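Letter by letter, the chains look like this.
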Amino acid sequence: MSALSILQNVSRTIGILFLLCYFYQLLYVPVALWRRHRVVTAAPLRRYAVLIAARNEAAVIAQLIDSIRQQDYPEEYLDVYVAADNCTDDTAHAASEAGATVYRRSDARRVGKGYALHFLLSRIREERGDQYYDGYFVFDADNLLAPDYVSRMNEAFSDSCPVVTSYRNSKNYGDNWISAGYGLWFLRDAAFLNAPRTRLGLSATVSGTGYLFSREIMLRHGGWPFHSLSEDTEFTVDCLLNGEKIGYCGEAELFDEQPTRLGQSVRQRMRWVRGNMLVLLRHGGRLTGSIGGKNGLSCLDLLLSMAPAIVLAVCGTAAGALATVLELLSGGQPLPMLGTAILSFAVPYLLLFAAGAITTITQWGKIRTSPWKKILYTLTFPLFMATYVPITILALFGRVEWKPIEHRAVMTIRELK
């Protein structure tokens, strides 16, 4: 068998594997579109600590704390703590002036959000003890919360649901195709992955910010031991392996600022890709071994959604491009080859466009930008996702490190709503 035939077979095999890995997510769509009457059950008032790890966030952190102070949840049951982590600006002063309890942290060796969260929990436990708070919220400094956010999360939080994540919207969706690409992905993650997972009795996944975890989980770990490049994925894996399901509360709406510069976006997503791969290498065997257990389907779902799409896309693109070059060098006809190449790119584009379009249509009223931008950025969504191919290659072979994201979208929740 020639090298060309081998590459063509490899490309087809990768395409089949890709479909097998992700076809099941099509089943989530009708589940997500099925509108159920929301049943609200009376929930006891619980005492929560809000954890914010902030590095040079003086421009935006006061607006987050203000949105927390404006919650319809009793203020005496909600305390805000900020770790001013290796800051060189006025983050600590801005957070303190806004009403938060602030602890300064300086550690140039152990850098990252996970270390800051552990530091914050350690200080809280020293001053309040282990039993004072029922649960802990985690937010990024650029977030804003809808006024009923905590109340809705409190309704979803229970002994059987010790971790709850929320609906992640964007502050700056309409800035450009990059911020819109992020925003549309997070909306799809909430409405068409986490929502149907929860309705089917599966576990949702935590995505960076906007989630709540119980005191018992904190005590089990003695703080926050998740310090990888993707601490949110690591935390999700830990929950599943310990038999816990992560709940999803679509009524609790959080607003997040998305990057707008390509270089910044590439660095961030390189970290996500490398982090997910490392988590997969470290825990993939245990997740696979747990498929027959209590959270078996959730473990399988997480395994399929963590890395295969990106890795298969990179391998498939490389195999297809190399096969095309070899065929051309061996005397293949340019026009038929051009048609095949166009088709190989058109099919993924149309699939991604369909995913973006159904998300845009169903979440139309929640996307805060003009109608023409909603349509335009649905068209560019597949291009945003396509950038994951070179990003994955860079993540595999380049240098990846944690760096803070600069935030510029300064607004209050009143301006946003």
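Here the structure is a predicted model, which is why all the values come from computation and not from measurement.

Novice: Pulling in residues and values, what's your account of a nonpolar patch on the surface?
Specialist: On the surface, Trp177, Leu262 and Leu383 cluster together to form a nonpolar patch covering roughly 270 Å² of accessible area. Turning to its location among the elements, Leu262 is positioned in helix 10 (residues 262-289).

Novice: If you had to explain the pairing of strand 3 (residues 101-105) to someone new, which residues and values would you point to?
Specialist: Sheet topology places strand 2 (residues 78-85) next to strand 3; five bridges connect them, and they run parallel. Of the residues in strand 3, the one forming a bridge with Val82 is Val102. For the crossover that starts at strand 2, traverses helix 4 (residues 91-98) and ends in the parallel strand 3, the hand is right-handed.

Novice: I'd like a rundown of helix 5 (residues 113-128), residues and numbers included.
Specialist: Compared with an ideal rise of 1.5 Å per residue, which puts 16 residues at 22 Å, helix 5 spans 22 Å between its outermost C-alpha atoms and is within 8% of the ideal. Buried residues of helix 5: Lys113, Gly114, Ala116, Leu117, Phe119, Leu120, Leu121 and Ile124, and no others. Trailing helix 5 by a residue or two, Gly129 shows a phi angle of about 85°, which is positive.

Novice: So what about the packing of helix 9 (residues 231-241) against helix 11 (residues 296-306)? Which residues, and what values?
Specialist: At a minimum axis separation of 10 Å, helix 9 and helix 11 run at an interaxial angle of 160°. By the angle class used here, helix 9 and helix 11 are roughly antiparallel. Crossing of helix 9 over helix 11 shows left-handed handedness. Contacts between helix 9 and helix 11 pair Thr233, Thr236, Val237 and Leu240 from the former with Ser298, Cys299, Leu302 and Met306 from the latter.

Reading the values: the criteria
- Residues numbered from 1 in each chain as written.
- Predicted model: local features only at pLDDT ≥ 70, side-chain atom pairs only at ≥ 80, totals over all residues.
- Heavy atoms only, no water.
- Patch = residues over 30% accessible without salt bridge, like charges linked within 9 Å, V, L, I, M, F, W, Y side chains within 5 Å.
- Areas by Shrake-Rupley, 256 points an atom, 1.4 Å probe, with all protein chains shown as cover.
- Salt bridge = Lys/Arg side-chain N within 4 Å of Asp/Glu carboxyl O.
- Helix = DSSP H or I, 4+ residues; strand = E, 2+ residues; numbered from the N terminus.
- Pairing = 2+ DSSP bridges.
- Right-handed = clockwise from strand over helix to strand, strands pointing away.
- Expected span 1.5 Å × (residues − 1).
- Buried < 20%, exposed > 50% of the residue type's maximum accessible area, 1.4 Å probe, protein only.
- Axes fitted to C-alpha atoms, helices over the stretch in contact; angles between N-to-C directions.
- Parallel < 35°, antiparallel > 145°, perpendicular 65-115°, else oblique.
- Left-handed = near helix turned anticlockwise from the far one by under 90°.
- Contact = heavy atoms within 4.5 Å.

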